[in-house]
Amino acid sequence: MAPIRFKSTADIKIPDKLIDQVVGQEPAVEVMKKSALQRRHVLLIGSPGTGKSMLGLGLAELLPKEKLLDTLAFPNPNDENAPLIRTVPAGQGRDLIARARIQSMGMFKNQNIIFFVLVILSMIAPWWARTYYKSDLMFTAFFLGGMLFLASFIIFLNVGKRMAPAQSNTPRLIVDNFSKKQGPFNDATGAHAGALLGDVLHDPFQSGGLGTPAHERVVAGMIHKSHLGVLFIDEIATLQPHTQQELLSALQERKFSITGQSERSAGAMVRTEPVPCDFILVAAGNLETVKHMHPALRSRIRGYGYEVYMNDTMKDTEDNRNKIAIFVAQEVHKDKKIPHFSSEAVEEILEEARRMANRKGHLTLRLRDLGGLIRASGDVAREQNAKFVEKKHIEAAKRIARSLEKQLADKYIDRKREYEVIVTSGKKIGRVNGLAVIGGEESFSGIILPIESQVTPGGEGKEIIATGQLGEIAKEAIKNVSALIKKYFGEDLKEKYDVYVQFLQTYEGVEGDSASIAVATSIISAFKNIPIRQDTAMTGSLSVRGEVLPVGGVSSKVEAVIEAGLKRVIVPKSNVKDIIIDEEKLRKIEIIPVEHILDVLKEALVWDGKIGILKKIPRDEEISE
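Once a new chain begins, its residue numbering starts again from 1 and follows that chain's sequence as written. Only residues with pLDDT of 70 or above have their local features reported here, since the model is predicted, and side-chain atom pairs are shown and tallied only from 80 upward, although totals for entire chains, interfaces and linings are computed over all residues. Calculated side-chain values reflect all of the structure's heavy atoms, with hydrogen atoms and water omitted.

A. Examining the overall build of the protein chain more closely. Numbering of helices and strands runs from the N terminus; a helix is a DSSP stretch of H or I covering at least four residues, while a strand is a stretch of E covering at least two. Counting secondary structure elements, the protein chain contains 22 helices and 25 strands. Under the scheme applied here, a residue whose accessible area is under 20% of the maximum for its type counts as buried, over 50% as exposed, and between as partly exposed, the area being computed with a 1.4 Å probe on protein chains only. In the protein chain, which comprises 625 residues, the proportion classed as buried is 48%. Taking contacts inside the protein chain between residues at least 6 apart in sequence as the whole, the part at least 24 apart equals 74%. Using a 1.4 Å probe, the Shrake-Rupley method yields the accessible areas, and only the shown protein chains count as cover for residues. Accessible surface for the protein chain amounts to roughly 31900 Å². Of this, 53% is attributable to carbon and sulfur atoms. Any pair of residues with heavy atoms lying within 4.5 Å of one another is described as a contacting pair.

Below is the structure:
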């Protein structure tokens, strides 16, 4: 596909249908089209910000025009705690309610006329009695009698009004589809059981027949309001197990009775007739969602619908670059408050999409984060009264709209540099600058991870003692180092020495094995008394055979090295292609790709006078021979 030619995103045509605006999720879009046609349920699993809710909205838009219905709750003359449910064509529910109210108001209108007549009679009667009997006593008697009669009549009216609701035949409109032509879309993410499944409100007046009728306390849930439409639930595993079970019942039966969700409420005594709820369920979440989701509910979706794993990235092709340009135009159109982007600014957004992908030759599909940068850049441009968003506005937005993880990482580096926890020059024995990331995969930020080791005679510890709130994977990675030392130096550390490894001031904890080569370098330095260059940082996983394996978040780690003022960084050779950083920044750092722990030791340690030790260490291929 040829590149789109445009001066600004104002020249880019935006697709009319919402489903066509979804970027990079072609398999999911295809599934949604099938689901709309055949009314299938869908489970979308993937990272946040990849377009799951947009797919749900697009599905609702694709649904064929349906004859929507209004749902009403009527009193049950035989059992007041079992309201009747009836449906009428959309729009007729309001008319029915209005007619019922007019009829009920007629009775009170007649009562008001009678009351007005009685007031006039009670005022005239005392004067008539006085004239007829010529007695003030009779005037007083008629006056007091008239007042007592009026008071009794008023009390009767008030009690009648209180009793009227209990005897009212006026239905309650619980699902109103007035003027709607398209199937409804309801986002029930985070909804409690009552909001999702419907509820019967509590009534404090429960005695003497003065309470609010049960049918007037019925509230429809989102499953009922989504009848003939789409119900979207993100992070579906956060629903209580019993709520998921009831949702399953609604999916199976396509109707669900409404009852009070609080067992101590008066509403718990009420249960309506089954209320229609024939909806398409679009459930969403991440891989953890699958583990905690009710197995029967997942089985129902899988058996009567589709499961889709969302793409995190897409290949950096001309076609996909065009899609990102269209996405930028879409975000500008949706926001309606920011200027359009110039072609140079779109190129900068593309570069950011490459960096966020954390994978060479790919573009990110975590478009919510990318959309945040687009809006922040637009805000900067609008503040400067610019006609278009330019590259300089995006660069300014990156500084202003940094993620929390990035802000924390900056504070972390500044604080440790201030107190000289991070050393950026000279040489030290047993001390190395490791690298780590904080935040999720969608928002990596690199930090410097100083590590120190000490090897002492003894052998009482029986294992490497590591401190710094290490996770299980990090602990296991450190244990592998003793195998390498035994292999290369012929000594079992655990028998003759005690080895201590400290991750300095890692109050946030450490997990993962990306600091393996740093730990190995630190221990070997302390064991053989060889200093380490402090202008060098390193990251990489380590196999028990000494091979340096790739790790995640390399771009963010290299950025942290640059910002900390270090001069060199050692990375796995297989990760070099994943480093996507501005060329101007890259000129400030020397990137050293390595494949084996021996390559790391050669580059990181200062071998003055001890190069013989390095030469004695055999590579795997030499050992195999």
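B. Structural context of the pattern of salt bridges. Note on definitions: salt bridges are taken to be side-chain nitrogens of Lys or Arg within 4 Å of carboxyl oxygens of Asp or Glu. A full pass over the atoms with the stated rule returns 24 salt bridges. With its nearest N and O atoms 2.7 Å apart, the salt bridge here joins Arg298 to Glu307. Using a relative accessible area of 25% as the deciding quantity, one classes Arg298 as partly exposed. Classification of Glu307 as partly exposed rests on a relative accessible area of 34%. The salt bridge involving Glu352 is made with Arg355; its shortest N-O contact spans 3.0 Å.

C. Quick look at the environment of Glu563. With respect to the helices and strands, Glu563 occurs in helix α18 (residues 554–564). Judged by its relative accessible area of 33%, Glu563 is partly exposed. Between the C-alpha atom of Glu563 and that of Lys585, which follows or precedes it by 22 residues, the distance is 9.4 Å.

D. View of the sheet that holds strand β25 (residues 590–594). Strand order across the open sheet formed by 7 strands is β18-β19-β17-β16-β21-β24-β25, with mixed pairing between neighbours. The open sheet has two free edges, formed respectively by β18 (465–467) and β25, since each of these has just one partner strand. The mean inter-strand angle of the sheet, taken between neighbouring strand axes irrespective of direction, is 30 degrees. Geometry is summarised by axes, namely lines fitted to C-alpha atoms with helices restricted to the contacting stretch, and by angles between N-to-C directions that run from 0 to 180 degrees. Packing against the sheet, helix α20 (residues 597–604) makes contact with β21 (536–538), β24 (568–572) and β25, and its axis sits at approximately 180 degrees to β24. The pairing criterion for strands is at least two bridges between them, as found by DSSP.

E. Layout of the packing of aromatic side chains. What counts as a ring pair is set by centres within 6.5 Å for rings of Phe, Tyr and Trp (its six-membered ring), and what kind of pair is set by the plane angle: stacked under 30 degrees, edge-to-face over 60, tilted for all other angles. Going through the model one piece at a time under the given rule, you end up with 2 aromatic pairs. Between Tyr497 and Phe527 the ring centres are 5.4 Å apart and the planes differ by 75 degrees, which places this aromatic pair in the edge-to-face class. With Tyr497 in strand β19 (residues 497–503) and Phe527 in helix α17 (residues 516–528), this residue pair connects regions lying 30 residues apart in the sequence. Judged by its relative accessible area of 12%, Phe527 is buried. Only Lys NZ and Arg CZ are tested; either one counts as a charge over a ring when it is within 6 Å of the ring centre and within 35 degrees of the ring normal. When the ring centre of Tyr304 is taken as reference, the NZ or CZ atom of Arg300 above it lies at 3.9 Å.

F. Highlighting the environment of Ala296. Among the structural elements, Ala296 can be located in helix α9 (residues 295–303). Spatially, the C-alpha atoms of Ala296 and Gln244 are 9.0 Å apart, while their sequence positions differ by 52 residues.

G. Region of the structure containing the sheet that holds strand β12 (residues 305–309). Overall, parallel pairing links the 5 strands, which are arranged β5-β8-β11-β1-β12 in an open sheet. Looking at strand neighbours, the two that pair on one side only are β5 (185–187) and β12, the edges of this open sheet. Pairwise comparison of adjacent strand axes, ignoring direction, gives a mean angle of 15 degrees for this sheet. Here strand β1 (residues 41–45) runs beside β12; their pairing, made up of 5 bridges, is parallel. Note on β12: the bridge partner recorded for Leu43 is Glu307. Against the sheet, helix α1 (residues 26–38) makes contact with β1, β11 (280–285) and β12, and its axis sits at roughly 165 degrees relative to β12, the strand it touches most.

H. Looking closely at the confidence of the model for the protein chain. Confidence in the prediction for the protein chain averages 84 pLDDT; 86% of positions are at 70 or higher. Note: pLDDT gives the predictor's confidence per residue, expressed from 0 to 100. Ignoring residues within four places in sequence, the model shows residues 162–167, a span with pLDDT below 50, making 7 contacts including any to other chains.

I. Broad picture of the pairing of strand β16 (residues 431–438). Most of β16 sits out of view: 6 of its 8 residues are buried. By the bridge criterion, 8 bridges tie β16 to strand β17 (residues 445–457) in an arrangement that is antiparallel. When the bridges of β17 are listed, Arg431 appears paired with Glu452. Judged from the 2 bridges that link them, β16 and β21 form a sheet pairing that is parallel.

J. The nonpolar core, seen in detail. Here the nonpolar core consists of buried residues drawn from Ala, Val, Leu, Ile, Met, Phe, Trp, Tyr and Cys, with membership extended through side-chain atoms lying within 4.5 Å. Within the largest apolar cluster, 44 residues are counted, with the highest numbers of intra-cluster contacts made by Phe503, Ile523 and Leu601. Contributing elements (two or more residues each) for this core: β16, β17, α15 (472–489), β19, α17, β25 and α20. Among the elements that line this core, the one with the most residues is α17, at 8 residues. In this structure, Phe327, Val332, Ala353 and Leu373 belong to the second largest nonpolar core, which totals 32 residues.

K. Up close: helix α7 (residues 241–253). Multiplying 1.5 Å by the helix residue count minus one yields the expected span of that helix. Here α7 contains 13 residues, and its C-alpha end-to-end distance of 19 Å stays within 8% of the 18 Å for a straight helix at 1.5 Å per residue. Buried residues of α7: Thr243, Gln244, Leu247, Leu248, Ala250 and Leu251, and no others. All buried residues of α7 lie within an arc of 160 degrees about the axis, which places them on one face of the element. At the C-terminal side of α7, Arg254 shows a positive phi close to 65 degrees. As used here, the arc is the angular range of directions from the helix axis to the C-beta atoms.

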